[in-house]
2 protein chains.
Amino acid sequence: MQKARPPRGFRDFPPELMILKIDIVSKIERVFQRYGFDPLDTPAVEYWETLAGKYGEEAENKLIWRFQDPLSGRWYALRYDLTVPMARFVASNPGLQMPFKRYHIGKVWRHEEPQRGRFREFTQCDADIVGSPYPEADAEIVNLVLDVMDEIGLGRVIVRVNDRRLMAGIFEEEFGIRDPVPVYRAIDKMDKIGAKGVRGELEKLGLSASVVDKIMEVASIRGSMAEVLEWVSSRYGSNPKVAQAVGHLEEMASLIDDKRVVMDLSLVRGLDYYTGPILEVTSEDLPVGSIAGGGRYDGLIGLFAGRDVPATGVSIGVDRIIDGGLEAGIFRAGKKTVTQVYIVVLDRDVYSYAWKAASLLRSQGFNVRIDLSRTSGQVQRRKASKMGVPVIAFVGRKEADSGTITLYSAATGERVEARLENAGKALERLLSG
Amino acid sequence: MQKARPPRGFRDFPPELMILKIDIVSKIERVFQRYGFDPLDTPAVEYWETLAGKYGEEAENKLIWRFQDPLSGRWYALRYDLTVPMARFVASNPGLQMPFKRYHIGKVWRHEEPQRGRFREFTQCDADIVGSPYPEADAEIVNLVLDVMDEIGLGRVIVRVNDRRLMAGIFEEEFGIRDPVPVYRAIDKMDKIGAKGVRGELEKLGLSASVVDKIMEVASIRGSMAEVLEWVSSRYGSNPKVAQAVGHLEEMASLIDDKRVVMDLSLVRGLDYYTGPILEVTSEDLPVGSIAGGGRYDGLIGLFAGRDVPATGVSIGVDRIIDGGLEAGIFRAGKKTVTQVYIVVLDRDVYSYAWKAASLLRSQGFNVRIDLSRTSGQVQRRKASKMGVPVIAFVGRKEADSGTITLYSAATGERVEARLENAGKALERLLSG
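Residues numbered from 1 in each chain as written. Chains lettered and ligands numbered in written order. Predicted model: local features only at pLDDT ≥ 70, side-chain atom pairs only at ≥ 80, totals over all residues.

## Points about the pairing of strand β4 (residues 75-78) of chain B
Residues and elements named next belong to chain B.
Part 1: For strand β2 (residues 45-47) and β4, the ladder comprises three bridges, and the chain directions are antiparallel. In the sheet register, Val45 faces β4, and the bridge partner there is Leu78.
Part 2: Following strand β3 (residues 66-68), the chain reverses through six residues before pairing antiparallel with β4; Gly73 in that reversal takes a positive phi of roughly 80 degrees. (Pairing = 2+ DSSP bridges. Helix = DSSP H or I, 4+ residues; strand = E, 2+ residues; numbered from the N terminus.)

## Topic: the interface of chain A and chain B
Part 1: Contact with chain A, which involves 77 residues of that partner, is made by 76 residues of chain B.
Part 2: The element contributing the most residues to the side of chain A that touches chain B is helix α1 (residues 15-34) of chain A, with six residues.
Part 3: Within the side of chain A that touches chain B, the residues separate by chemical class into 38 nonpolar, 19 polar and 20 charged. (Contact = placed C-beta atoms within 7 Å. Nonpolar A, V, L, I, M, F, W, Y, C, P; charged D, E, K, R; others polar.)

## Things to note about the sheet that holds strand β2 (residues 45-47) of chain A
Residue and element names in this part refer to chain A.
Part 1: One open sheet accounts for three strands, arranged β2-β4-β3; its pairing is antiparallel. Edge positions in the sheet fall to β2 and β3 (66-68), since each has one partner strand and no second. When the angles between neighbouring strand axes are averaged without regard to direction, this sheet yields 35 degrees. (Axes fitted to C-alpha atoms, helices over the stretch in contact; angles between N-to-C directions.)

## Some points on the relation of the copies chain A and chain B
Part 1: With an RMSD of 0.1 Å, the operation that places chain A on chain B is a rotation of 180 degrees combined with a shift of 0.0 Å along the axis. The superposition of one copy onto the other is thereby described by a two-fold rotation axis. Looking at the rotation axis and the C-alpha trace of chain A, the residue lying nearest is Phe67 of chain A, at 3.0 Å. (Least-squares fit on C-alpha atoms with pLDDT ≥ 70 in both.)

## Describing the packing of α1 of chain A against helix α13 (residues 318-328) of chain A
Residue and element names in this part refer to chain A.
Part 1: For the pair α1 and α13, interaxial distance at closest approach is 11 Å and the crossing angle is 125 degrees. The orientation of α1 relative to α13 falls into the category oblique. For the pair α1 and α13, the sense of crossing is right-handed. Only Val318, Ile321 and Ile322 of α13 make contact with α1, whose side of the interface consists of Leu20, Lys21, Ile24, Val25 and Ile28.
Part 2: Here the residues of the contact of α1 with α13 sort into seven nonpolar, no polar and one charged. (Parallel < 35°, antiparallel > 145°, perpendicular 65-115°, else oblique. Left-handed = near helix turned anticlockwise from the far one by under 90°.)

## Thoughts on the sheet that holds strand β10 (residues 277-283) of chain B
Residue and element names in this part refer to chain B.
Part 1: Strand order in the open sheet formed by nine strands is β1-β5-β6-β12-β11-β10-β7-β9-β8, with mixed pairing between adjacent strands. Each of the sheet's edge strands pairs with one partner strand only, and the pair in question is β1 (38-39) and β8 (222-223).
Part 2: Docked against the sheet, helix α5 (residues 135-152) engages β6 (121-130), β7 (157-163), β9 (261-264), β10, β11 (292-296) and β12 (311-317), running at close to 15 degrees with respect to β12.

## Thoughts on the confidence of the model for chain A
A low pLDDT means the predicted coordinates there should not be read in detail.
Part 1: The pLDDT averaged across chain A works out to 95; a share of 100% of its residues lies at or above 70.
Part 2: Confidence estimates for the predicted assembly give a pTM of 0.96 and an ipTM of 0.96. (pLDDT = per-residue confidence, 0-100.)

## What to know about helix α13 (residues 318-328) of chain B
Residue and element names in this part refer to chain B.
Part 1: Among the 11 residues in α13, eight count as buried, and that is most of the element.
Part 2: The set of residues buried in α13 consists of Val318, Asp319, Arg320, Ile321, Ile322, Asp323, Gly324 and Gly325.
Part 3: For α13, the secondary structure elements touched by its buried residues are α1 (15-34), β6, α5 and β12.
Part 4: Taken from the residues just after α13, Gly329 is the one with a positive phi, measuring 80 degrees. (Buried ≥ 20, exposed ≤ 12 C-beta atoms within 10 Å, placed from the backbone.)

Written as structure tokens, this is what we have:
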């Protein structure tokens with residue numbers, strides 16, 4: 001006998017989880033469409049060289065699922081996100097009308113060390129705007145993600161915003177830090193290890209005390225976009241990169257009217273390809289980290305296209321939202337079936353009549369199960385109850401002889417005997433009642 | 001600059017194809033739900049040993065995308081179908097209530113030699129009934145697939161049915177063929193190479209002329225289930241396997257009232273795991289081969305579970321349906337966007353007013369795009385027309401000053417100026433007209 005487990009770090013989604021997931025994903029999809037995004041799909045598999053050099057060192061060396069085709073010797077990889085494949089798609093379709101707004105809901109794979117809440121396969125819901133370098137595109141992404149969160153019912157969210165150009169202008173140019181990556185990595189831990197911990201890490205990097213002080217000051221700045229931009233301007237506004245970013249972010253802020261958006265100069269985000277505004281979403285209701293993230297990446301498509309194509313977008317981690325929401329009690333995975341009626345067949349003689357009833361109700365759009373187990377009426381009824389089917393229908397000799405069906409509402413206990421031609425109406429009433 | 005192609009044998013689905021695909025998949029899903037199937041998801045990646053030994057020689061040696069994790073050395077595989085992962089899932093969840101009816105819509109991967117219409121990644125839509133050994137379960141699968149085809153709008157379909165037990169009883173036991181696989185492989189080509197070609201292949205296998213005659217006679221039998229079962233019974237009904245299959249198929253036939261179902265004793269189907277009735281669906285409207293296939297596989301789950309669990313199901317090849325339907329002109333990939341309104345901004349000054357209008361219409365559930373390109377009104381309008389957006393909205397100084405929006409129907413040419421608070425109603429009328 002073989003082991004029956006999914007690979008370590010992977011998981012199955014049984015019906016009670018999938019029913020919830022389909023509901024949440026369809027809400028996200030609806031908001032994407034309301035904002036004028038259209039669906040795109042790309043393969044799960046890419047050539048290794050398509051993904052190489054896009055995500056940074058850790059992804060490159062460890063986190064991308066690369067593999068060699070044993071037959072051809074060619075190196076492939078499972079996609080690491082939905083952004084790089086989209087960039088490749090845009091580059092290979094030069095006739096696309098700009099701005100190109102696409103959404104993509106699909107799985108991505110990461111070679112993480114499996115641990116609680118961290119999986120090697122998960123679903124991302126991405127929306128990106130390609131072809132607009134303007135702040136209104138970035139603002140639209142922020143508004144989009146807030147509307148998604150409202151639609152899902154995650155009210156207490158925070159969208160943190162920063163800008164890669166501010167980081168480069170201040171840390172690299174103004175502070176003269178030559179190798180900023182370890183500095184960013186330290187700052188990024190602010191929420192986890194606190195200011196004292198970050199200071200400790202910065203000191204270990206051999207930076208002068210005054211530089212560490214200045215870094216710590218900047219990294220502690222957090223507030224409304226207007227407040228933070230004013231502070232940044234007054235301190236570092238003479239730096240050209242900073243000035244450019246401030247202008248862009250001010251225009252962005254003018255189109256975002258939401259207190260849940262804060263600017264946070266300690267926000268880093270790991271991916272290499274960002275070039276402008278970046279954002280990260282958390283929810284105070286969820287015991288998980290970031291549930292969405294994104295930003296502007298004006299250089300990525302150019303790697304494939306050979307011409308600069310600006311782009312900005314967001315990726316929503318729906319599995320994490322589900323896991324967190326279940327843990328926090330915001331969602332319940334209570335629904336085990338989408339079936340609305342379970343037809344209990346009381347007598348083998350009436351099978352073809354019961355089958356006719358099932359077929360009729362299905363043709364009227366109801367989700368119908370009929371017994372396939374040849375067990376007693378009592379056992380069938382118990383099965384239907386255990387699944388939580390809202391209406392149980394009974395078909396026996398009496399019903400077959402009189403051309404009727406007996407319907408029983410599990411919620412109210414109401415029992416109705418309806419003629420077959422009126423069964424749909426009666427059923428509708430029981431389901432809505 | 002990097003090459004921007006998807007890997008050979010893989011393909012991107014641009015919006016105009018995805019909009020069509022989402023429509024067709026959601027129709028399939030709706031029928032699955034009407035029949036009382038619930039959604040399941042399993043990982044794309046399985047341990048190699050989970051898939052090994054399930055599909056037959058060609059899959060095992062060549063068609064399964066197996067790969068070694070370069071970090072751990074472990075062998076994995078991309079799933080080859082959705083059936084074996086489901087069998088693994090059922091085995092690892094012994095508490096599942098039987099019958100377990102699940103559907104699964106997802107990608108599968110095959111290491112095919114890429115050629116026209118044959119891809120290395122494609123989407124399958126599967127529905128399976130686990131836990132019922134009875135003919136009514138097989139009949140439900142046949143009725144389900146017919147309803148799916150009706151829902152998609154593929155009227156002229158044929159569901160061919162055969163039974164592995166008939167094949168074993170007649171060819172192996174009655175005709176004494178010890179190594180039936182090459183015989184089945186020859187018979188399977190009936191549609192491609194004709195009776196004469198099949199005879200030629202059989203003769204090469206070193207079978208006696210009388211056995212070849214008998215095989216050719218059986219393989220030519222095709223008709224209604226009732227007709228064929230009568231013929232089989234009269235000729236080979238004394239064989240116990242044949243008798244068992246005939247009884248099962250007769251009960252099945254009593255629950256299928258559809259002339260599109262024919263029994264065809266030349267139907268083979270490649271997969272190793274089938275044990276009872278098998279089925280294959282083609283459409284006279286589509287210039288492609290089989291568009292769905294399935295059957296009973298009572299032994300597969302037992303390989304993981306260590307106990308016999310009967311199961312039957314069908315897999316629908318939605319990509320092939322789309323490709324064939326497009327080629328035959330049944331479907332059109334004409335719709336480039338789901339956007340309903342494109343807001344043309346005539347003046348940069350009124351951006352925030354236009355943004356407010358977009359936000360209002362989105363909150364009313366409309367799919368709205370707003371200009372993000374800062375181009376002239378004329379260019380924006382041309383973009384909207386090219387995308388085929390049904391309603392174009394104009395916002396300029398006049399509209400901003402008077403609190404209105406101008407709506408233009410691309411279909412009828414009608415132009416309406418509506419106050420912002422009434423814009424939703426006006427829009428609805430234009431969209432439905």
